[in-house]
Amino acid sequence: MADRDLDQMMRRMAQTRVNRRGFIKAAGLTSFSAWLAACSGGGTPAPASSTPPGSATPGSGASASASAAPVETEGALYMYNWADYINEENIETFKQRYGIADWTYDIYPSNEELYAKLQGGATGLYDVAAPTAEWIPDLVTEGFIQKIDWSKVPNQSLINDKFRKLWWDPNDEYQLPKDWGTTGIAIRTKYVTEDIKSWKDFFDVAPKYSGKIVVVDSMGDVFTAPLKALGYSLNSVDPGELAEARELLRGLAPHVLARNSDTYEEVLKDGESGAVLGITWTGGLDELKAEPQWADIKYVIPEDGTLYWMDTWVILADPPHPEAAHAWLNFIQEPEIQAKETITNAYATPNDAAKEFIPQEMLDDPTIFVPDEIFPKLEGAENVSTNPLRVEIWEEFVSSIGG
Amino acid sequence: MTTTAHAVHDAARPQGGRWAGRLLTAVLVLPAGLWYLVLLVAPLALILVFSVGERGATGGYGGGFTLENYASAFRNPTPFVTSLQLSIMGTLLCLLIGLPLAYLIATRGGSRKALLVVLLVIPFWVSFLIRTYAWLTILGPDGIAGWIGDVTGNRGFRILGTDFAVLLGLVYGYLPLMVFPLYVTLERMDRSLVEASKDLGAGRWATFRQVTLPMTLPGLITGSILVFIPMMGEYVIPQILGYGQVFTVGNALVLRFLESRNWPAGSAQAVGLMLVMLITVTFYLWFTNRGRQVREQSVL
Amino acid sequence: MTVSVPPQASNGVDGTRMAATGTGDTGTAPDVEILDVTKRFGDVVAVDHMTLRIAHGEFYSLLGPSGCGKTTTLRMIAGFEQPTEGEILLDGRPVAGVPPYRRNVNTVFQHYALFPHMDVAQNVGYGLRQRKVAKADETRRVGEALELVRLGGFAKRRTWELSGGQQQRVALARALVNRPTVLLLDEPLGALDLKLRKAMQLELKALQREIGITFVYVTHDQEEALTMSDVIVVMNAGQILQQGGATDLYERPVARFVADFIGVSNPIPGRITSFDDGARLARVETDRGLALTGLVTDPSAQPTAGDAVTIAIRPERLRIDAADTAPNDATGWTAISGRVRQGTYLGDQTEYRVDTDQAGELVVRRQNATGAASGPGVGPGDAVTIRWHEEANLILVG
């Protein structure tokens, strides 16, 4: 009996969108999903791999530019990416259209590992990668990534202005936005009766659900809650503001059941014997909602603003196949192609033209897209994780969890 | 050092033989020496150097000299205390469960000894993470906790996220490391010593206390240290089965090395961890060797 | 190649002792009584309906080849094994189910089993500590025990620093210090070299005399048993074949196995022609037509004419002379002719293997009492006459 449960859980873990920031799970699953695939004969089915290769959307005429013109590539592309982070059909289309015979897709479980691999001399081995945005400055400083030739990526013009000229790439030279998502509040409405709309609401009701709260194991995400509830920037390093945030976190800590980046959805699933309220990401929540007994789960993007994360396409320094790399970046932002990415990855797209090809219920899903009225209140993470005061407050918080 | 002593000792020999002898010694010592140097001394030296440096602009190590890393590592001693508590409890539990288990296999295993030992190892063929995740299901609401909740009518009953779950995970994960050395010493122990003890009037317990236990001490010390040291660095089990309620040294290291990419701060924390382990293990060895001459039989 | 032991080298215990110990009915109960005991390990019968009474103050040896059940018997007395059937009594009390640590017997183990984590004095005092003997008493008694085994200055030594012989003595002291009713010794000299073993044999015997404790000594070495024992119990296949003093066993073996296991004998098959119960003498015609008279060794046997028997003759009882120099026959002497196949000079004696028509191959031993030159002067191929007196004929029934 337990065996079957375990089997189901593992299958689900392997098949659903891996929570990209779950360090432990990602590390375990990269090898684990391969193992499971070997056992079950394909743990991660390609949704439409039955599509005849030749028929793969040759026109893409809706594209805003002249990208339909044939592009000469080297016939090979070496990608270094998170596990299962591209629509399989798009890969086939790309290979067909650009004559890619040699396709490599190696995976890393975390930004840390990507960075470490590049430090170890992996530059020149891969063409493209998909680091999270706040890593861009360090990648640039170290010379691990190179400027993108935008003349070869006309589809860059489709990117929403919100995601342009941000602190991590002030002149938009090094990255092309890929997928983005938010940190928010997960609620089991079966157990939590209050209508929680903001971080402030969250802190207000937290004591009532003492011992039934889960938070992600990520300093920057957890700081978002008190700082935004107080109306400050979530990247604040101001000692006075942090002191106020510290008080809120001190009040929250005793009520927290779990600090968990990898299986917070499991804890939420357990309801009355687990957690009913949480500071979480969106990964795993849609899968829960699909099951009747957990359909009451709700993900709220706090109206006082929250953190968004952004994964970006970059071209690594000295790419073996620069033409193919640029072709890929342009290809992936074609609206119809990009829409498939969004549907597969279940994260928001920075490409507004793609929304036309995305089902309406997905556009309305707060776990994927942010309502227009909150959109301006989103903030990207800055590199503040080394701030000693933040580290100190965080350590104090995690050391006093559970009272 | 050994080479020098060797040379002095052999001074009377003809020059050629002496040089050949030294060369041979050098060649034989070389692989082990290199191994020791490259994989033990060098990383340790690196960590010590890092620990007094400053963070580089893009993370990692940026040179310089400061003791602030140590000050900050010890400013919040909670992770050390937490890990120490967990490790000591876990080691004790492993001992309490492992000793009888090893004893039973070694003395009552008969022809099935090999099989029983293999059974102990089999779980290790599966990745540590997957085994730990498996416990998540076993202990969860669909598993034992749910069943107990149903039976007792306490729907909110849970095991996950409790000290019990963490200790269970620790014992499960490290028990074989305790059992193997104990099993080997018990297996190698001369059975007639036990008979001699009984023959001389000692009952079962008295025999165990006065003969079996002291004879097992080398294995017991080895096993305890083998279990204790990795438990000090453990963070996956408290994280998954304990719901991350406790903040261990392992958590602190991940935070500094990976999240903050502050290698100097992480190095200082790591040196702190090594110091805590060194002190604990030294105290333990002193304690167990007190008044006994097992030192020459112990592996350490 | 020191198979032969001259009977006079043993301690001259005569057959009367056996009568006294055999019945075990001399007023006080024997120290150990083994009553119809059988021990099985699965399908293997280690001890088969054995009955033995061990009298107080005697040196008993259980002698037999490996697997004969002697060690199992010892372990049942010690309490390490429980009899499958039958009963064991210590000091007249049944001890079924009594664990080793509640029996007033102590064992000296084959490989000593000294506790390596204790020094000599701690080893010797172990039994006393289990009995909560006062510390001062313990020290005194340990000292006495060590003096007894001549290890006076060794109290603080580590056991593994000692020689084999010294470790042996520590094991002995460790057992004796508890003043057991019976001391059990499981081939304790097996690991020692020959010279040390011989010295320890005499020492053990002297020690046993001095302290008067009953010893039960297990060995497969007949010479060891003959040297030390008051009573030797010969065992084979889980059964007792014969028990008695050294002289008894050598001079009056009742079974072919005993005659072969203790010393060497020349077996000659034959059949009874007549039997005189009063003198216990029988006439036998051998299969090759030789008529011989001899003593029926088994006192309980009642052979009748026609019964198949074996006549055993000790090699040293045979005389060998060159065929032409043989003395004339006298009354009671038998003489047959043969031819030397092999002569082996053994120093104190010379062994000849002689082919005879009437008795097959015979082994003959001749003491070199006056030097090799005084011998019969025969070598391989020479014709010889073999003679023996009828007293040398031992008739083994069954």
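Residues numbered from 1 in each chain as written. Chains lettered and ligands numbered in written order. Predicted model: local features only at pLDDT ≥ 70, side-chain atom pairs only at ≥ 80, totals over all residues.

### Looking at the overall build of chain C
Phase 1 of the analysis: Each helix and strand in chain C was counted, giving 10 helices and 20 strands.
Phase 2 of the analysis: With respect to the principal axes defined by its C-alpha atoms, chain C has extents near 80 × 45 × 40 Å.
Phase 3 of the analysis: Here chain C holds 398 residues, and the buried ones make up 43% of them.
Phase 4 of the analysis: Excluding contacts between residues fewer than 6 apart, the proportion of contacts in chain C whose partners are at least 24 apart in sequence is 67%. (Helix = DSSP H or I, 4+ residues; strand = E, 2+ residues; numbered from the N terminus. Buried ≥ 20, exposed ≤ 12 C-beta atoms within 10 Å, placed from the backbone. Contact = placed C-beta atoms within 7 Å.)

### As for the interface of chain B and chain A
Phase 1 of the analysis: Contacts between the two partners involve 38 residues from chain B and, on the opposite side, 35 residues from chain A.
Phase 2 of the analysis: Those elements that provide at least two residues to the side of chain B that touches chain A are helix H6 (128–139), helix H7 (144–152), helix H11 (236–240) and helix H12 (249–259) of chain B.
Phase 3 of the analysis: Broken down by element, the side of chain B that touches chain A gets its largest block of residues, 6 residues, from H6(B).
Phase 4 of the analysis: Considered class by class, the residues forming the side of chain B that touches chain A number 15 nonpolar, 18 polar and 5 charged. (Nonpolar A, V, L, I, M, F, W, Y, C, P; charged D, E, K, R; others polar.)

### A few points about helix H6 (residues 164–176) of chain C
Residues and elements named next belong to chain C.
Phase 1 of the analysis: Between its first and last C-alpha, H6 extends 18 Å over 13 residues, near the 18 Å set by a 1.5 Å rise per residue.
Phase 2 of the analysis: In terms of burial, H6 is largely enclosed, as 10 of its 13 residues are buried.
Phase 3 of the analysis: Gln167, Gln168, Arg169, Val170, Ala171, Leu172, Ala173, Arg174, Ala175 and Leu176 are the residues of H6 that are buried.
Phase 4 of the analysis: On its buried face, H6 is in contact with strand E6 (105–108), helix H3 (120–124), helix H4 (126–130), helix H5 (135–148), strand E7 (182–186) and helix H7 (194–211). (Expected span 1.5 Å × (residues − 1).)

### Some points on the sheet that holds strand E19 (residues 383–389) of chain C
Residue and element names in this part refer to chain C.
Phase 1 of the analysis: Taken together, the 5 strands give an open sheet; going across it, the order is E15-E19-E16-E17-E18, and neighbouring strands pair in antiparallel fashion. The open sheet is flanked by strand E15 (319–322) and strand E18 (360–367), the only strands paired with a single partner. When strand polarity is set aside, the average angle formed by the axes of neighbouring strands in this sheet is 45 degrees.
Phase 2 of the analysis: Where strand E17 (residues 349–356) lies against E18, 8 bridges are found, and the strand directions are antiparallel. Considered in E18, the bridge of glutamate 351 is made with arginine 365. (Pairing = 2+ DSSP bridges. Axes fitted to C-alpha atoms, helices over the stretch in contact; angles between N-to-C directions.)

### Some points on the interface of chain C and chain B
Phase 1 of the analysis: Counting residues at the interface gives 18 residues for chain C, matched by 17 residues for chain B.
Phase 2 of the analysis: Of all the secondary structure elements, the ones that give two or more residues to the side of chain C that touches chain B are E6 and H4 of chain C.
Phase 3 of the analysis: Counting residues per element, the side of chain C that touches chain B draws most heavily on H4(C), at 3 residues.
Phase 4 of the analysis: For the side of chain C that touches chain B, the residue count by class is 9 nonpolar, 7 polar and 2 charged.

### Re the pairing of strand E5 (residues 176–182) of chain A
Residue and element names in this part refer to chain A.
Phase 1 of the analysis: The buried count for E5 comes to 7 of 7 residues, which makes it a mostly enclosed element.
Phase 2 of the analysis: Pairing analysis gives 6 bridges linking E5 to strand E11 (residues 307–316), with the strands arranged antiparallel. Paired with aspartate 179 across the two strands is aspartate 311, which belongs to E11.

### Re the packing of helix H4 (residues 78–108) of chain B against helix H10 (residues 204–232) of chain B
All names here are of chain B.
Phase 1 of the analysis: Axis separation between H4 and H10 bottoms out at 9 Å; the angle between their running directions is 145 degrees. Our pair here, H4 against H10, has a crossing hand that is right-handed. Contacts between H4 and H10 involve Ser83, Leu86, Ser87, Gly90, Thr91, Cys94, Leu95 and Gly98 from the former and Gly223, Ser224, Val227, Phe228, Met231 and Met232 from the latter.
Phase 2 of the analysis: Here the contact of H4 with H10 is composed, by residue class, of 7 nonpolar, 7 polar and no charged. (Left-handed = near helix turned anticlockwise from the far one by under 90°.)

### What to know about the confidence of the model for chain A
Residues and elements named next belong to chain A.
Phase 1 of the analysis: Here chain A shows a mean pLDDT of 83. Residues at 70 or above account for 82%.
Phase 2 of the analysis: For residues 1–6, every residue scores under 50 in pLDDT, and the model assigns this stretch 7 contacts once sequence neighbours within four places are set aside.
Phase 3 of the analysis: In the model, residues 8–68 has pLDDT below 50 throughout and makes 102 contacts with residues more than four positions away in sequence or in other chains. (pLDDT = per-residue confidence, 0-100.)

### Topic: the packing of helix H8 (residues 239–252) of chain A against helix H14 (residues 388–399) of chain A
Residue and element names in this part refer to chain A.
Phase 1 of the analysis: Interaxial distance between H8 and H14 falls to 10 Å at its minimum, and their mutual angle equals 5 degrees. Classified by the interaxial angle, the pair formed by H8 and H14 is roughly parallel. Taken together, the residues of H14 that come into contact with H8 (itself represented by Pro239, Leu242, Arg246 and Leu249) are Leu389, Arg390, Ile393 and Phe397.
Phase 2 of the analysis: Counted by class, the contact of H8 with H14 contains 6 nonpolar, no polar and 2 charged residues. (Parallel < 35°, antiparallel > 145°, perpendicular 65-115°, else oblique.)

### Some points on the sheet that holds strand E5 (residues 93–94) of chain C
Residues and elements named next belong to chain C.
Phase 1 of the analysis: With antiparallel pairing, the 4 strands of this open sheet are ordered in space as E2-E1-E4-E5. This sheet does not close on itself; its edge strands, each paired only once, are strand E2 (44–54) and E5.
Phase 2 of the analysis: Sheet topology places strand E4 (residues 85–90) next to E5; 2 bridges connect them, and they run antiparallel. By the bridge assignment, leucine 90 is partnered in E5 with arginine 93.
Phase 3 of the analysis: Seen against the sheet, helix H2 (residues 70–78) touches strand E1 (32–41), E2 and E4 and runs at an angle of roughly 115 degrees to E1.

### What about the nonpolar core?
Phase 1 of the analysis: One finds Val128(A), Val214(A), Ala275(A), Trp328(A) and Tyr174(B) to be the most contacted residues of the largest nonpolar core, which totals 151 residues.
Phase 2 of the analysis: It is helix H8 (residues 163–188) of chain B that provides the largest number of residues to this core, a total of 13 residues.
Phase 3 of the analysis: Within the second largest apolar cluster, 109 residues are counted, among which are Ile34(C), Phe59(C), Val254(C) and Phe275(C). (Core = buried A, V, L, I, M, F, W, Y, C linked by C-beta atoms within 7 Å.)

### Thoughts on the confidence of the model for chain C
Parts of the prediction with low pLDDT should not have their coordinates interpreted in detail.
All names here are of chain C.
Phase 1 of the analysis: Taken over all residues, the pLDDT of chain C has a mean of 85, while the share at 70 or more is 90%.
Phase 2 of the analysis: Predicted confidence is poor over residues 1–26, with pLDDT under 50, and the contacts of this stretch with residues over four places away or in other chains come to 41 contacts.
Phase 3 of the analysis: Reported confidence for the predicted complex is 0.77 by ipTM and 0.72 by pTM.

### Focus: the environment of Val314(A)
All names here are of chain A.
Phase 1 of the analysis: Here valine 314 lies in strand E11.
Phase 2 of the analysis: Put simply, valine 314 and proline 131 are 183 residues apart on the chain and 7.5 Å apart in space, counted from C-alpha to C-alpha.
Phase 3 of the analysis: Every residue in contact with valine 314, bar those within four places of it in the chain, is listed here: Val128, Ala129, Pro131, Leu139, Ile145, Tyr174 and Gln175.

### Points about the pairing of strand E9 (residues 277–280) of chain A
Residues and elements named next belong to chain A.
Phase 1 of the analysis: Side chains Leu277 and Ile279 of E9 all project onto a buried face; the interleaved residues Gly278 and Thr280 project onto the opposite face, where all are buried too.
Phase 2 of the analysis: Pairing analysis gives 4 bridges linking strand E6 (residues 184–188) to E9, with the strands arranged antiparallel. Directly across from isoleucine 185, in E9, lies its bridge partner isoleucine 279.
Phase 3 of the analysis: In this structure, strand E7 (residues 213–215) lies alongside E9, joined through 3 bridges in parallel fashion. Each bridged residue has a counterpart across the sheet, and for valine 215 the counterpart in E9 is isoleucine 279.

### Describing unusual backbone geometry
Residue and element names in this part refer to chain A.
Phase 1 of the analysis: With a phi angle near 50 degrees, aspartate 84 is a residue other than glycine that sits in the positive phi range.
Phase 2 of the analysis: In this structure, aspartate 84 sits in the loop between strand E1 (76–81) and helix H3 (88–98).
Phase 3 of the analysis: Assessed through the 22 C-beta atoms surrounding it within 10 Å, aspartate 84 is described here as buried.
Phase 4 of the analysis: A positive phi angle is found at lysine 165, which is not glycine, with a value near 50 degrees.
Phase 5 of the analysis: Classification of lysine 165 as exposed rests on a count of 9 C-beta atoms within 10 Å.

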